[in-house]
Amino acid sequence: MGIDQGNLQEPNGCMMFAGPADHYDRFMGRYTPSLAVAFTDAVGVTAGRRVCDVGCGPGGLTRELVSRVGPANVAAIDPAPQFVLACRERNPGADVREGVAEELPWPTGTFDITLSSLVIGFMTDPERGVHEMRRVTRPGGIVAACMWDISHGGMTMLRLFWTAVRRVEPTAAGEARLAGTSEGDIADRFRRAGLTDVVDGSVRAEAPYTDFDDFWTPFAFGVGPSGQALLSLSDEQKDRVRETCRDALPAGSFTLDARAWYARGTAPAV
């Protein structure tokens, strides 16, 4: 069996996040605790604000928002029903709904701050998604988003994986085509959506691993573009990718760092 070029170059969003919440937790969710703090600090989320988490997943960022503003001031939405259930269970009292960024169910001007973490790249229509985030934010409120740095390899885990995949298939596109993964891309989208006072930069996160198996096993869950790409490989190709990754990592426990690009802008008066 050869590589499925559809998975390597144009991943199917419906397939990428169909697994249970604990699979996401073990794969990308382990970065959420540190990323959520860094992102909400950069955005300026403080007590007394009404906030919305667009593309909440199992609720990692939602949890940080709840800790800052209280569950009654937090709304969240995600298209994956199993993630919505997990987010509700982990954040009782928050308004958690099933739906998509491109059609947010809240009235215009509902929130003081609307955020999206690691989601803009997976929106069916990122431009519409940003416009909807602007719409549900009150005039003078903040819209913000972040996405892993793929263009400069700042997300170490994904850089190691895609470097290994390209040993098997040199033309693999990886995730560089996703919205928000290059420096300044989110800010440009915000300006085109009419947001003002747009600022951007980077935030950092990290995740601990007990050993190489703790790093490698979650890729087999099929989460995200990398997980789907791995499932497309033959057993021999998977072995080559695995051993290339193993050679790049230390023995025993280790911690990997990750950089995400972010931008925030102000919703203008209507």
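Residues numbered from 1 in each chain as written. Predicted model: local features only at pLDDT ≥ 70, side-chain atom pairs only at ≥ 80, totals over all residues. Heavy atoms only, no water.

**Looking at the pairing of strand β2 (residues 74-78)**
Selection rule: Only protein chains enter the accessibility calculation, which uses a 1.4 Å probe; a residue whose area is less than 20% of its type maximum is buried, one above 50% is exposed, and one in between is partly exposed. Counting from the N terminus, the helices are DSSP H or I runs at least four residues long and the strands are E runs at least two residues long. A pair of strands is treated as paired once DSSP finds two or more bridges between them. When the strands point away from the viewer and the path from the first strand over the helix to the second turns clockwise, the crossover is right-handed.
Burial runs high along β2: 5 of the 5 residues are buried. Neither face of β2 is left uncovered, since the one carrying Val74, Ala76 and Asp78 and the one carrying Ala75 and Ile77 both have all their residues buried. Sheet analysis places strand β1 (residues 51-54) next to β2, joined by 4 bridges and oriented parallel. Across the sheet, Asp53 pairs through a bridge with Ala76, a residue of β2. For the handedness criterion, the β-α-β arrangement of β1, helix α5 (residues 60-69) and β2 is classed as right-handed. As for the winding sense of the linkage, the β-α-β connection from β2 through helix α6 (residues 81-90) to strand β3 (residues 95-98) is right-handed.

**Quick word on the nonpolar core**
Selection criterion: Take the buried residues of types Ala, Val, Leu, Ile, Met, Phe, Trp, Tyr and Cys, join any two whose side-chain atoms come within 4.5 Å, and each joined set is a nonpolar core. Throughout, a contact is declared for two residues whenever any of their heavy atoms are within 4.5 Å.
Counting 64 residues, the largest nonpolar core has Met28, Tyr31, Trp148, Met157 and Phe215 as the members making the most contacts within it. Top contributing element to this core by residue count: helix α8 (residues 156-168), with 8 residues. What Phe215 contacts, discounting residues up to four positions off in sequence, is Met157, Tyr209, Cys245, Leu249, Phe254 and Leu256. Counting 26 residues, the second largest nonpolar core, distinct from the first, contains Phe111, Val119, Leu195 and Ala263.

**Here's the deal with the side chain of Arg259**
This is how it is decided: Residues adjacent in sequence count toward polar contacts only when both atoms are side-chain atoms; beyond that, a polar contact is any pair of N or O atoms within 3.5 Å, and within protein one must be able to donate a hydrogen and the other to accept it.
Take Arg259: it is sitting in strand β7 (residues 254-266). Reaching out from Arg259, the side chain makes a polar contact with the side chain of Asp149 at a distance of 2.7 Å. Sequence-distant contacts of Arg259, defined by excluding residues within four places in its chain, comprise Trp148, Asp149, His152, Gly154, Met155, Ser202, Val203 and Arg204.

**So, the environment of Leu158**
For Leu158, the location among the structural elements is in helix α8. Classification of Leu158 as buried rests on a relative accessible area of 2%. Between the C-alpha atom of Leu158 and that of Ser226, which follows or precedes it by 68 residues, the distance is 7.5 Å. In this structure, Leu158 is in contact with Met28, Trp148, Ile150, Glu175 and Ser226, ignoring residues within four places of it in sequence.

**Observations concerning α5**
Regarding α5, the residues found buried are Leu61, Thr62, Glu64, Leu65, Val66 and Val69. Each element contacted by the buried residues of α5 is listed here: α4 (32-43), β1, β2, α6 and β4 (111-117).

**Comments concerning the environment of Val54**
Positionally, Val54 belongs in strand β1. Of the residues examined, Val54 reaches a relative accessible area of 1% and is grouped as buried. Sequence spacing of Val54 and Val100 is 46 residues, and the spatial spacing of their C-alpha atoms is 8.1 Å. Look past the residues within four positions of Val54 in its chain and what remains in contact with it is Ile77, Ala101, Leu104, Thr114, Leu115, Ser116, Ser117, Val119 and Met133.

**Considering the packing of helix α7 (residues 126-135) against helix α9 (residues 185-192)**
Filter applied, for reference: Convention adopted: a line fitted to C-alpha atoms gives each axis, helices being fitted over their contacting stretch, and angles between N-to-C directions are expressed from 0 to 180 degrees. Definitions for this section: a left-handed crossing has its near helix turned counterclockwise from the far helix by less than a right angle. A right-handed crossing has that turn clockwise. Basically, the charged four are Asp, Glu, Lys and Arg, the nonpolar ten are Ala, Val, Leu, Ile, Met, Phe, Trp, Tyr, Cys and Pro, and anything else, Gly included, counts as polar.
Contact geometry of α7 with α9 gives a least axis separation of 9 Å together with a crossing angle of 65°. Of the two elements, α7 crosses α9, and the hand of that crossing is right-handed. Contact with α7, carried on its side by Pro126, Glu127, Val130 and His131, involves Arg189, Phe190 and Arg192 of α9 and no other residues of that element. Classifying every residue of the contact of α7 with α9 by side-chain character gives 3 nonpolar, 1 polar and 3 charged.

**Structural notes on the pattern of salt bridges**
Oppositely charged side chains are able to pair whenever their charged atoms sit close together. Our working rule: For this analysis, a salt bridge means a side-chain nitrogen from Lys or Arg found within 4 Å of a carboxyl oxygen belonging to Asp or Glu.
Going through the model one piece at a time under the given rule, you end up with 17 salt bridges. Taking the shortest distance from any N to any O, the salt bridge between Arg192 and Glu127 comes out at 3.0 Å. Of this pair, Arg192 sits in helix α9 while Glu127 sits in helix α7, placing them 65 residues apart in sequence. On the accessibility criterion, Glu127 (27% relative accessible area) is partly exposed. Arg242 is the partner of Asp239 in a salt bridge, and the nearest nitrogen-oxygen pair spans 2.9 Å. Taken together, the residues Asp239 and Arg242, both in helix α12 (residues 235-248) and 3 residues apart, mark about one turn of the helix.

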